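# Chain and residue survey
What follows is each chain in one-letter form.
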Amino acid sequence: MRRIRELMAEPLEPQARLDQIVKLIARNMVAEVCSLYVLRADSVLELYATEGLNPGSVHLAQLKLGEGLVGTIAATARALNLSEAQNHPAFTYLPETGEEIFHSFLGVPILRAGRTLGVLVVQNKAARNYREEELEALETVAMVVAEMIAAGSLEGLSRPGVVLDLSRPVSFTGIPLSEGIGLGHVVLHEPRVVVTNLFNENGETEVDRLTVALGFLRSSIESMLSRRDVAGEGEHRAVLEAYRMFANDRGWVRRLEEAVRNGLTAEAAVEKVQSDMRARMMHMTDPYIRERLHDFDDLANRLLRQLIGRDDLIDGIKDAVIVARSMGAAELLDYRRDQIRGLVLEEGATTSHVVIVARALGIPVVGQAKGAVSMAENRDAIIVDGEDGGVHLRPPPEVEAVFGDKVKFRARRQERFRSLRERPAVTRDGVPIHMMMNAGLLVDLPQLTESGAEGIGLFRTELQFMVASTMPRTSDQQRLYSAVLDAADGRPVTFRTLDVGGDKVLPYLSQSPEENPALGYRAVRLSLDRPGLMRTQLRALLKAAAGREMRIMFPMITDVFEVHQARDLIEREIDHLRRFGHVVPEVLKVGAMIEVPALLFQLDALMEAVDFVSIGSNDLFQFFSAVDRGNARVATRYDDLSKPFLGALKAILDAGNRHGVPVTLCGEMAGRPLSAMALIGLGFRSISMSPPAIGPVKEMLTSLDAGALAAEMEAHMRAPGAASSMREVLVRFAETHAIPY
Ligand code: PEP
Ligand code: MG
């Protein structure tokens, strides 16, 4: 090890260094042969250096992945220790190397972060079994070579055009979770700690360092386990208990110590043991084992950070694409927004909190990109396509050029939308439309000015609760609501009270599992039963609006009675505030969301009980058609532009008009130009959507003749026997009138 360390420090050309390394290994292991094979992008293992085989075969001898002993080691990421190599079924003889005279064979994979980069082999003429220590030593040298390969020092040693596997372009197809295209460089969220200090000076002190770090690791797990919020049963606890078990796993600790005794630093030992384990377990398909592998990875990363501290790589990267297995929303907010171009997750779904936040920040996200973490290296070039779910790692120049054009095209479109910002939202025939935006976090607020929205039509207050790891205090809530009203600067803001339950889970609020969470104990149902939670929120809202206008709306109302109950709670809070001398809102408006079809049959009573209504078309459509909005197999089976659904929306609008109660719509429908057009045709004059949708919808409506569309739609809605969906009628109308949709 000492000699290897000296060799690494000598000012040698990469090929000379490799030649020296194989020579040194052969001498130390009393082997006649030592050879190094490197995996190329075309899945071929090429001989890069040899001591003992025909030197003329260097860069010429090659084996395919899976072919021969070397190919088998690379493909399985497992070492082979054979006293009679020729007897192994995979043995293939390469005539150019002259290796027929060697009987015993020891080969180890060159691994980095669980990826195979090559194979290191020793051979002897005599039939012999290599000892366990020899295997360990060879594996340790392989790790040094892995660092050389990863550092790019072996590029260019072979014939021109040869690309190493490590720099091979790879594409993944995941699912698009947040719109946009990001070009940049990889930043691994759980940084693959770059272990630069490989060799220890003194084995004993290094074992001590390792022992201390392991002690810290164990006690941090114990203290997490004793925290109140994980003390109960549940997923969190199960994961932490697995961690505890692994952190005390004797086999793991023994392998770590062994690696240190073989000359590695504590951190290099963690990296080596983890890399071996990952490579072996990667091939297993059992989901349980793979999950445990993730646990081990997390643990190893924790230990590494304990040993060397966090790598502040992000500081040097201005166009970071964060690559992570999964991530909490708060962790994303730890990064500086202006440094992030995209996010790639191996897990993640539309409703993941981190995705909600990324969307609010306008960061393109692709989820379910399996394998991205282990294939990516920090600083690799990468493209995230939030439109079709593609992730392109180390893209070739042609791919980069295509995406460069795509980004330019999008930027031009964005520019066009920006130029519409100051333009009033009025249809071509002079009908003004109130365009509002949906929001939920502080980070959304700049969009209010940038998008040109008239106000906030839906403020999802649950997002603050979802991104926090503990329940936000009343003062935190009040601070957020005040900040929102300050930013709105007199523009209307409609706050929706907590809509948790269903798919919106708060980790710190215990809820029993439900068979049908969407139909379960959620939103106002939960809030009315737990008046403590609701009253705290109402108090924060009312205090935040002191002397200003406050608009409060309740989600998932099913029965008008619930509106009365909720109003009573508001009254009680106002009384309370007055009694204690607080300034109450100057104007208070109370509304209900229409998301449950039962309300369609109590519209008159509802309109009498509220100051406004807002249609949550996402949920209303889900319940109206009995299709789970998150289930891709059914979610698009029925059309929200169908006559029955549009008819329901029209009935709500008519009831609002009868009672002089404003009706708006704040589901995703409002943000799609074609469906927004349909809404205007039905008679909607106020809609609320996510900020990026404002430009495209405004572009649509400024070229729309609302009167002509209303007439066309009415004729079709009434026509008997015609197709149920109005989509075609609407598309035809848009096309014949040159309306961008
Ligand atoms: C809706 O259901 O349409 C809505 C706006 O609420 P959310 O999407 O938050 O459920
Ligand atoms: Mg809803």
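Everything here concerns the structure above.
These numbers come from a predicted model, not from an experiment.

### Re the overall build of the chain
Along its length, the chain carries 28 helices and 22 strands. Expressed along its principal axes, the backbone C-alpha trace of the chain runs to roughly 100 × 60 × 45 Å. Relative to its 741 residues, the chain shows a buried fraction of 53%. Sequence separation of at least 24 residues holds for 66% of the intrachain contacts in the chain that already meet a minimum separation of 6. A gap of 3 Å separates the mean positions of the 85 positive and 99 negative side-chain charges of the chain.

### Here's the deal with the coordination of the magnesium ion (ligand 2)
Protein ligation of the magnesium ion (ligand 2) involves Glu595 (OE) and Asp619 (OD), the donor distances falling in the range 2.0 to 2.1 Å. With Glu595 in the loop between β19 (587-594) and α21 (603-609) and Asp619 in helix α22 (residues 617-625), this pair connects stretches of sequence that are 24 residues apart. Asp619 shares its class with Glu595; the two are buried.

### Here we look at the side chain of Gln537
Following the sequence through the fold, Gln537 ends up in helix α19 (residues 531-544). For Gln537, the contacting residues outside a window of four places in its chain are Thr461, Gln477, Tyr481, Arg496, Thr497 and Leu498.

### Focus: the sheet that holds strand β11 (residues 340-345)
A sheet is described by the order of its strands in space; here eight strands give the open sequence β7-β14-β13-β9-β10-β11-β12-β8, paired in mixed fashion. What marks the edges here is a single partner per strand, and that holds for β7 (170-173) and β8 (175-178). Ignoring strand direction, the axes of neighbouring strands in this sheet form an average angle of 30 degrees. One ladder, built from three bridges, connects β8 with strand β12 (residues 365-367); its direction is antiparallel. Within β12, the position partnered with Ile175 by the bridge is Gly367. Sheet strands touched by helix α14 (residues 397-419): β9 (181-188), β13 (381-385) and β14 (390-393). Its angle to β9, the strand with the most contacts, is close to 120 degrees.

What counts and what doesn't
Residues numbered from 1 in each chain as written. Chains lettered and ligands numbered in written order. Predicted model: local features only at pLDDT ≥ 70, side-chain atom pairs only at ≥ 80, totals over all residues. Heavy atoms only, no water. Helix = DSSP H or I, 4+ residues; strand = E, 2+ residues; numbered from the N terminus. Buried < 20%, exposed > 50% of the residue type's maximum accessible area, 1.4 Å probe, protein only. Contact = heavy atoms within 4.5 Å. Lys, Arg positive; Asp, Glu negative; His and termini not counted. Charge placed at Lys NZ, Arg CZ, Asp CG, Glu CD. Donors = N, O, S within 2.8 Å, 3.2 Å for Na, K, Ca; no water. Pairing = 2+ DSSP bridges. Axes fitted to C-alpha atoms, helices over the stretch in contact; angles between N-to-C directions.

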